[in-house]
Amino acid sequence: MSRKRARNEVNTSEPSGVPEKKSSRRSATAMMEPTLSSNLTPVSMSITKPASFSDEPEAECERDNCDYSIRISLKDAQSGRVPRRVRVYADGIYDMFHQGHARQLMQAKNLFPNVYLIVGVCSDELTHSKKGRTVMQDSERYEAVRHCRYVDEVVRSAPWQLDEDFMNKHKIDFVAHDELPYPTDEGTDVYAWLKTKGMFVATERTEGISTSDIVARIVKDYDIYVRRNLARGYSAKQLNVSFLNEKKFRFQNKMEELKDKSKKVMENFGEKRVSDMIQKWEEKSRDFIDTFLLLFGREGRLSHMWSEGKGKLMQAFSPPASPSRDRDSSPSSSASSSNDSQTSPPPRKTPKIDGRKKSQSRSKFSNNYDDKFSEDEDNDVYEDSCDHIK
């Protein structure tokens, strides 16, 4: 009997040990489950793909599943004890979508613990009539807003002023906007009735950034942006630039390119080489300036050549007149002659002979020449005769 009891105890103890091991494994997995579930967060649809438009099936399905008969107060929404998602609406123009717009939508998304954010964007026709011309078209502004990570739904062609019908149609619980009053045509605030009903939640504006500031920057640096777009391949017609301004901007671009290239070259050469280059350039520039002044200056070679050539031309076309007796007999001429006599002896003057004296001298010279010639002939005859006698 003792042996049977021992065997039965062994058999009963073995199966009892296996479930103990299984239970220990289950307890370990059960301990890990809360940690895994706490690390995993639900992925929002606005992060994986752009937000849907209000007339698309996804937005309609979300709106139909919302029980709008359950009204949510501001206190309940802030506490987070609500049976459904809180539908918050924000509207605007959102032209040239920037960080100020994104921060405003982020504030609207984080107003309450569980928010479904609906964003209304006004059309071009309404915006141009109420506020002015926009840079981007309404289709571009719709796409910019729907790709913001905080947005769940986009309402195209949103109204300028909200009413009860619009609020009930989209099942809006609260409207998020900054506290600045937006006057209507009658002068009242657009959001006044929502503030009285407790359906308005204020957001803060981002200082230092707005669409008007961005447009002002572009207008201020208009030339820079026109040159930038011309360099990138835009035509003057596309930029609404005249022919002369186009040439001016393109010339400025070339000058900027040359400046950049010269800076790179100077950086590569180093400070010492740059100083040597500058010194050589200064010396060459001085030589060039001296040569230029030597040729084209007031007392340069070209001026001397011109004056000499001019004097020769004047002498060729108008030869100087012969000096007169009166001019020689004047005291100034005597003074000049006395001065010249001191330096170098003047040439001998040929005396002037009258015609009668000139003829007498010629006849006298001829007679003397004949007499002399006759004497020479007589001497020759005499010598010949003597030789003959001998």
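An account of the accompanying structure is given in this report. What you see is a predicted model; the values in this text were computed from it and never measured. One numbering rule holds for all chains: residues counted from 1, following each sequence as written. With pLDDT at 70 or above as the cut-off, local features in this predicted model cover only qualifying residues; side-chain atom pairs require 80 or more to be listed or tallied, and sums for whole chains, interfaces and linings still use all residues. Excluding hydrogens and water, the side-chain figures rest on all heavy atoms present in the structure.

This part is about the pairing of strand β5 (residues 174–178). Only protein chains enter the accessibility calculation, which uses a 1.4 Å probe; a residue is then buried when its area is under 20% of its type maximum, exposed when over 50%, and partly exposed in between. Helix numbering and strand numbering both begin at the N terminus, where a helix is a DSSP run of H or I of at least 4 residues and a strand a DSSP run of E of at least 2. By the criterion of burial, β5 is predominantly enclosed, with five of the five residues buried. Along β5, one buried face is formed by F174, A176 and D178 and the opposite face, lined by V175 and H177, is buried too. Pairing between two strands requires that DSSP report at least two bridges joining them. Both strand β2 (residues 86–92) and β5 contribute to a ladder of two bridges, which runs parallel. When the bridges of β5 are listed, Y89 appears paired with V175. Judged from the four bridges that link them, β5 and strand β6 (residues 200–203) form a sheet pairing that is parallel. Looking at β6, one finds that V175 is bridged to F200. For crossovers, right-handed means that the path from the first strand over the helix to the second runs clockwise, given strands pointing away from the viewer. Considered for its hand, the β-α-β crossover made up of β5, helix α9 (residues 192–197) and β6 is right-handed.

Further remarks concern helix α11 (residues 222–231). Restricting attention to buried positions, one finds in α11 the residues V226, R227, N229 and L230. Buried residues of α11, seen end-on, are gathered within an arc of 165° and therefore sit on one face of the element. Count one or two residues on from α11 and you reach G233, which has phi positive near 110°. As used here, the arc is the angular range of directions from the helix axis to the C-beta atoms.

Turning next to the nonpolar core. Core analysis: the biggest nonpolar cluster contains 23 residues, and L105, F112, V119 and V151 have the highest contact counts within it. Counting residues per element, the ones that place at least two in this core are β2, α5 (99–109), β3 (115–121), α7 (138–146) and β5. At four residues, β3 tops the list of elements feeding residues into this core. In this structure V119 touches Y89, A90, Y94, L105, V145, V151, E153, V154 and V155, once residues within four positions along its chain are discounted. Y89, A158, V175 and V190 belong to the second largest nonpolar core, which has 15 residues in total. We call a set of buried residues a nonpolar core when its members are Ala, Val, Leu, Ile, Met, Phe, Trp, Tyr or Cys and they connect through side-chain atoms within 4.5 Å of each other. Throughout, a residue-residue contact means that at least one pair of heavy atoms, one from each residue, lies within 4.5 Å.

With respect to the helices and strands, the residue K109 is situated in helix α5. What makes K109 buried here is its relative accessible area of 18%. Here the alpha-carbon distance between K109 and Y150, two residues 41 residues apart in the chain, equals 6.2 Å. Apart from residues lying up to four places away in sequence, K109 is in contact with R85, V115, L117, Y150 and D152. Of note is the side chain of K109, whose polar atom sits 3.0 Å from the backbone oxygen of V115. Under the rule applied, a polar contact is a pair of N or O atoms within 3.5 Å (in protein, one hydrogen donor and one hydrogen acceptor; residues adjacent in sequence only if both atoms are side-chain atoms).

As for its placement among the helices and strands, R87 is situated in strand β2. When its relative accessible area of 1% is taken as the criterion, R87 is described as buried. Polar side-chain contacts of R87 include one of 3.0 Å to the backbone oxygen of H170. Within the structure, R87 has its side chain in polar contact with the backbone oxygen of K171 (distance 2.9 Å). Setting aside its immediate chain neighbours within four residues, R87 contacts E62, R63, C66, Y116, I118, E153, H170, K171, I172, D173 and F174.

This part is about the sheet that holds β3. Taken in spatial order, the six strands line up as β1-β4-β3-β2-β5-β6 in an open sheet, and their pairing is parallel. Edge positions in the sheet fall to β1 (52–53) and β6, since each has one partner strand and no second. Pairing geometry for β1 and strand β4 (residues 153–156), over two bridges, is parallel. Looking at β4, one finds that F53 is bridged to V154. Every angle, taken between N-to-C directions, lies between 0 and 180 degrees, and every axis is a line fitted to C-alpha atoms, over only the stretch in contact when it is a helix. Contacting β2, β3, β5 and β6, α5 runs over the sheet at an angle of about 145° to β3.

The subject of this paragraph is a nonpolar patch on the surface. On the surface, a cluster of nonpolar side chains totalling about 250 Å² of accessible area is made up of V135, V215 and V219. If you trace the backbone, V219 turns up in helix α10 (residues 211–220). Residue class for V219 comes out exposed when judged on its relative accessible area of 58%. Two distance rules govern patches: like charges are joined within 9 Å, and nonpolar side chains (Val, Leu, Ile, Met, Phe, Trp, Tyr) within 5 Å, applied only to residues with over 30% relative accessible area and no salt bridge. The Shrake-Rupley method, run with a 1.4 Å probe, gives the accessible areas here. Residue values count only the displayed protein chains as cover. Here, a salt bridge means any side-chain nitrogen of Lys or Arg that lies within 4 Å of a carboxyl oxygen of Asp or Glu.

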